[in-house]
Amino acid sequence: MGGHDLTATTAENYRAFALEAAGRSAQYERLSTEVADDDTILSFLARLPPAKRQPNLLFAAARYLLGAPPELKSLRSLVADRGDEMASVMRSRRTQTNEPARCATLLPLLAMLPGPLALIEVGASAGLTLLPDRYSYDYAGHRVQGTDPDAPVIACEPRGPVPLPGRVPEVTWRAGLDLNPLDVASDEDMQWLECLVWPGEEGRLTRLRAAIATARRHPPRVVRGDLLTDLPALARQAPGDATLVIFHSAVLAYVDPARRGEFAAIVAGLGAVWISNEAPRVVPADVGATLAAASLYGNHCFALMRDGRGPVAFTDGHGAWLDWLPAE
Ligand SMILES: C[S@@+](CC[C@H](N)C(=O)[O-])C[C@H]1O[C@@H](n2cnc3c(N)ncnc32)[C@H](O)[C@@H]1O
């Protein structure tokens, strides 16, 4: 997701992002294609470290400075007239899109586990996906009531034999881990999260604001740390009388491909339930089966996996649908 393939050229990443944005954000689909052919913007990006050249980061930084989503003209002027300021926002910020609707794709798996649950989310950003029990859900008319009556109702289209839960699971302990936790109490951090939403997806913005209000009522604890080094210490803090679940979504793409297997080995060694919701190509375990099955949606989906085994479902990258695979 996010045109973030460190093995591809910058122009290729912008073209890939245009495909991802198609049908969701006409403005970013067009802009991304234009940037892929724009020498001024490409040479600005070339002066940044490779991990800082992503479309999502460029567009969100421009939106942050302009106060509105960029078009090619405003983006070119920004890069030409305020290039240092742009580079500084891009160097200090990260693509930390926190999409609460991803909880709707995790919920059926979470609800199957023996409760109560202790949740650890690695790559938690502001912790909005650490609150799956607070939100309510609408799976094409199948409603699930969350514990906070003022929290948003997340709509998700079920496809295939989704085991829709009757209720949200009981969560007695939760913590997130992130290289750079965002603070739900900080207006500046929350403004950055809003800038990461694409124009044309105003429904996401409304939901994000409602989820932020929910998180401000129940602030999730997100600890600063690296999933490659700091997970075991956090897992040791979890209570022994709850099912420990370690989960992540839209995170492994940001981890060096050579080290993703290391992370899988760390999680496997912790004896927890492991739930992964990631683009198929970045998942280390059972890659063959995952990729074969991903031919259904290409790379424009996430694979939902439990304990490193082949996928149980494919999910929309922003949680809009959940396609459960029939049991073999
Ligand atoms: C795209 S956000 C996803 C946030 C959330 N999981 C969700 O689904 O909405 C990815 C997050 O992973 C974090 N991250 C990336 N690499 C990490 C690492 N090595 N250790 C911990 N967090 C990491 C980033 O800082 C960012 O907040």
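Calculation notes
Residues numbered from 1 in each chain as written. Predicted model: local features only at pLDDT ≥ 70, side-chain atom pairs only at ≥ 80, totals over all residues. Heavy atoms only, no water. Salt bridge = Lys/Arg side-chain N within 4 Å of Asp/Glu carboxyl O. Buried < 20%, exposed > 50% of the residue type's maximum accessible area, 1.4 Å probe, protein only. Pairing = 2+ DSSP bridges. Helix = DSSP H or I, 4+ residues; strand = E, 2+ residues; numbered from the N terminus. Axes fitted to C-alpha atoms, helices over the stretch in contact; angles between N-to-C directions. Contact = heavy atoms within 4.5 Å. Parallel < 35°, antiparallel > 145°, perpendicular 65-115°, else oblique. Nonpolar A, V, L, I, M, F, W, Y, C, P; charged D, E, K, R; others polar. Phe/Tyr/Trp six-rings, centres within 6.5 Å; stacked < 30°, edge-to-face > 60°. Lys NZ or Arg CZ within 6 Å of the ring centre and 35° of its normal.

**Q** Mind showing me how you'd approach the pattern of salt bridges here?
**A** Between side chains of opposite charge, pairing is possible as soon as their charged atoms come close. Scanning all chains against the criterion turns up 19 salt bridges. Between E85 and R82 there is a salt bridge, with the nearest N and O atoms lying 2.9 Å from each other. On the basis of relative accessible area, R82 is assigned to the partly exposed category, the value being 32%.

**Q** Would you take a moment to explain the sheet that holds strand β4 (residues 153–155) for this structure?
**A** Hydrogen bonding along the main chain pairs the strands of a sheet, whether they run parallel or antiparallel. Overall, mixed pairing links the 3 strands, which are arranged β3-β2-β4 in an open sheet. Each having just a single partner strand, β3 (142–144) and β4 make up the two edges of the open sheet. Each neighbouring strand pair of the sheet contributes to a mean axis angle of 20 degrees, computed without reference to strand direction. Across 3 bridges, strand β2 (residues 136–139) lies against β4 in parallel orientation. Each bridged residue has a counterpart across the sheet, and for S136 the counterpart in β4 is V153. The sheet contacts of helix α7 (residues 102–112) involve β2, β3 and β4, and relative to β2 the element is tilted by about 85 degrees.

**Q** Is there a simple way to explain the packing of helix α1 (residues 10–21) against helix α4 (residues 55–66) in this structure?
**A** Two quantities define a packed helix pair, namely the angle between the helix axes and the distance between the axes. At a minimum axis separation of 10 Å, α1 and α4 run at an interaxial angle of 80 degrees. The angle between α1 and α4 places the two elements in the roughly perpendicular class. Of α4, the residues touching α1 (which contributes N13, Y14 and F17) are P55, N56, L58 and F59. Among the residues making up the contact of α1 with α4, the classes are represented as 5 nonpolar, 2 polar and no charged.

**Q** Just checking my understanding: could you explain the packing of aromatic side chains for this structure?
**A** Each aromatic ring pair is summarised here by two numbers: the centre-to-centre distance and the angle between the ring planes. Enumeration according to the criterion identifies 7 aromatic pairs in this entry. With 4.7 Å between their ring centres and 45 degrees between their planes, Y28 and F59 make a pair best called tilted. Of this pair, Y28 sits in helix α2 (residues 26–36) while F59 sits in helix α4, and the two are 31 residues apart along the sequence. Both rings, one in F263 and one in W274, keep their centres 6.2 Å apart while their planes meet at 85 degrees; by these two values the pair is edge-to-face. Separated by 11 residues along the polypeptide, F263 in helix α11 (residues 260–268) and W274 in strand β9 (residues 273–278) bring together distant segments of the chain. Just as F263 is buried, W274 falls in that class too. Among the aromatic residues, those joined into a cluster by ring pairs are Y14, F17, Y28, F59 and W198. Seen from the ring of W198, R204 lies directly overhead, with NZ or CZ sitting 6.0 Å from the centre.

Geometric values such as these leave the question of function open.
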